[in-house]
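Given next are the chains, with one letter for each unit.
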Amino acid sequence: MRYSINVSKAARSALLAIAIAGALSACGTRHISRDISPEGVAGEVVFPDPARAVLAEGTFPNVADLRSIGPGVTKDQLYQALGRPHFREGLVGVREWDYLLHFRTPEGVVTCQYKVIFDRDYRGQSFHWSPASCADLLADTARTDTTKPGVRRVNLSADALFAFARHEAGDILPRGKELLTQLASDIREAGPSLVTVIGHTDRIGSADANQLLSQRRADTIRALLVSNGVPADSIIAVGKGKAEPVTTSCTDALARPALVECLTSDRRVEVEVRGVAAR
């Protein structure tokens with residue numbers, strides 16, 4: 001009989017442990033994005049249902065704080081900028097945080113979802129908006145009519161900056177590093193500025209792949225400008241993918257090498273600086 005009682009207690013303990021683990025798993029969104037790499041990039045980005053937000057009303061964020069967020073951000077730093085995540089993200093090994101954010105615009109309040117995906121060291125490395133157009137709400141505050149004094153737009157060929165289809169800092173070509181170092185120096189010397197780095201791709205490949213590539217390139221350029229002395233809280237990075245081409249005469253009937261060459265102008269990174277006089 002004593003043996004039977006001990007087994008019963010052990011069984012109850014095991015069932016209790018399983019129940020607790022199941023409850024913790026069930027109450028969290030955990031990793032709803034798929035195939036998150038050690039580098040903090042998801043094979044497929046998935047946003048949670050807004051109706052499942054713990055902070056159901058969301059928040060109105062400080063846009064300056066949002067601009068300061070970039071690759072390498074820690075969870076503590078993200079918490080300081082935006083607060084705790086707005087969904088039940090789970091307790092252990094969490095690799096993504098989600099927020100429900102509201103912005104006041106001339107057309108009314110716009111609601112957006114914002115996701116940060118962390119690498120294996122739990123530093124934010126990729127950043128996503130739903131809908132993607134929400135990224136423009138940050139960019140618009142840093143732009144003005146480029147015909148006005150005090151605004152500078154620099155258009156850099158992505159082919160001059162990066163090896164083809166690459167995006168990491170180690171992929172930046174020597175001439176690209178020289179251009180960005182000089183640009184950072186110009187921005188610093190001009191005084192306080194608001195800077196928007198906008199990545200663009202050509203139309204070859206899927207929309208998702210091009211969006212990710214453009215965002216990664218913009219993030220890399222932002223990080224390089226920051227490392228060269230441009231204040232992190234004054235610069236944001238936005239990926240536009242293939243949504244804003246500048247070429248008009250490149251037909252898909254061209255052989256691939258010729259099409260790649262024809263679309264060179266679409267592969268670019270624009271840096272818009274408000275507060276720096278055009279030269």
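Predicted, not measured: the structure shown is a model, and the values here were computed from it.

This part covers the sheet that holds strand S3 (residues 73-74). Read from one edge to the other, the open sheet built from four strands follows the order S3-S6-S5-S4, with strand pairing classed as antiparallel. At either end of the open sheet lies a strand with only one pairing partner, and these are S3 and strand S4 (96-105). Judged from the two bridges that link them, S3 and strand S6 (residues 123-130) form a sheet pairing that is antiparallel. Residue pairing across strands places Thr-74 opposite Arg-123, the latter belonging to S6.

Before going further, it helps to examine the state of the cysteines. Following the criterion strictly, the structure yields two disulfides and no others. Between the sulfur atoms of Cys-112 and its disulfide mate Cys-134 the distance is 2.1 Å. Between Cys-112 and Cys-134, the S-S dihedral sits near -90°, and the bridge is therefore left-handed. Of this pair, Cys-112 sits in strand S5 (residues 108-118) while Cys-134 sits in the loop between S6 and helix H4 (135-140), and the two are 22 residues apart along the sequence. When its relative accessible area of 1% is taken as the criterion, Cys-112 is described as buried. Residue classification places Cys-134 among the buried positions, given a relative accessible area of 2%. The residue that forms a disulfide with Cys-250 is Cys-262, at a sulfur-sulfur distance of 1.9 Å. On the sign convention where negative is left-handed, the bridge of Cys-250 and Cys-262, at about -90° about the S-S bond, is left-handed. Of this pair, Cys-250 sits in the loop between strand S9 (235-239) and helix H8 (256-262) while Cys-262 is found in helix H8, placing the two residues twelve residues apart along the sequence. Owing to a relative accessible area of 10%, Cys-250 belongs among the buried residues under this scheme.

Before going further, it helps to examine the pattern of salt bridges. All chains considered together, the criterion is met by eleven salt bridges. Across the pair Glu-44 and Arg-34 runs a salt bridge, and its minimum N-O distance is 3.1 Å. With Glu-44 in strand S2 (residues 42-44) and Arg-34 in strand S1 (residues 34-36), this pair connects stretches of sequence that are ten residues apart. Taking relative accessible area as the criterion, Glu-44 reaches 40% and is therefore assigned partly exposed. Residue class for Arg-34 comes out partly exposed when judged on its relative accessible area of 44%. Taking the shortest distance from any N to any O, the salt bridge between Lys-115 and Asp-98 comes out at 2.9 Å. Here the residue Lys-115 occupies a position in strand S5, and Asp-98 occupies one in strand S4, the gap between them amounting to 17 residues. When its relative accessible area of 0% is taken as the criterion, Lys-115 is described as buried. Accessibility expressed as a relative area gives 0% for Asp-98, which makes it buried. In the salt-bridge network here, residues are joined through shared partners; they are Glu-96, Asp-98 and Lys-115.

With that settled, consider helix H7 (residues 207-227). Taking 1.5 Å of rise per residue, the 21 residues of H7 would be expected to cover 30 Å, and the 30 Å separating its terminal C-alpha atoms lies within 8% of that figure. The complete set of buried residues in H7 reads Asn-210, Leu-213, Ser-214, Gln-215, Arg-217, Ala-218, Asp-219, Thr-220, Ile-221, Arg-222, Leu-224 and Leu-225. Gly-229 occupies a position one or two residues after H7 and carries a positive phi of about 100°.

Turning our attention to helix H6 (residues 174-190). Compared with the 24 Å implied by 1.5 Å per residue over 17 residues, the 25 Å span of H6 between its first and last C-alpha is a close match. By the burial criterion, the buried members of H6 are Gly-176, Leu-180, Leu-183, Ala-184, Ser-185, Asp-186 and Ile-187. One or two residues past the end of H6 sits Gly-191, with phi positive at roughly 95°.

A few words now on the nonpolar core. Side chains of a nonpolar character, in soluble globular proteins, are inclined to be buried together. Residues Leu-66, Ile-69, Leu-78, Leu-82, Phe-103, Tyr-114 and Trp-129 are the most contacted members of the largest nonpolar core, which totals 23 residues. When contributions to this core are tallied by element, the ones reaching two or more residues are helix H3 (75-82), S4, S5, S6, H4 and S9. Apart from the residues lying within four places of it in its own chain, the contact partners of Phe-103 are Phe-60, Pro-61, Val-63, Leu-66, Gly-108, Val-109, Val-110, Cys-112, Trp-129, Leu-137 and Leu-138. Residues Leu-156, Ile-221, Val-271 and Val-273 belong to the second largest nonpolar core, which totals 21 residues.

Below, the discussion takes up the pairing of S4. With respect to burial, S4 is a largely interior element, nine of its ten residues being buried. Note that S4 and S5 share ten bridges and pair antiparallel. In the sheet register, Glu-96 faces S5, and the bridge partner there is Ile-117. Remark: two residues form the turn of the hairpin made by S4 and S5, two consecutive strands paired antiparallel.

Basis of the calculations
- Residues numbered from 1 in each chain as written.
- Predicted model: local features only at pLDDT ≥ 70, side-chain atom pairs only at ≥ 80, totals over all residues.
- Heavy atoms only, no water.
- Pairing = 2+ DSSP bridges.
- Helix = DSSP H or I, 4+ residues; strand = E, 2+ residues; numbered from the N terminus.
- Disulfide = S-S within 2.5 Å.
- Buried < 20%, exposed > 50% of the residue type's maximum accessible area, 1.4 Å probe, protein only.
- Salt bridge = Lys/Arg side-chain N within 4 Å of Asp/Glu carboxyl O.
- Expected span 1.5 Å × (residues − 1).
- Core = buried A, V, L, I, M, F, W, Y, C linked by side-chain atoms within 4.5 Å.
- Contact = heavy atoms within 4.5 Å.

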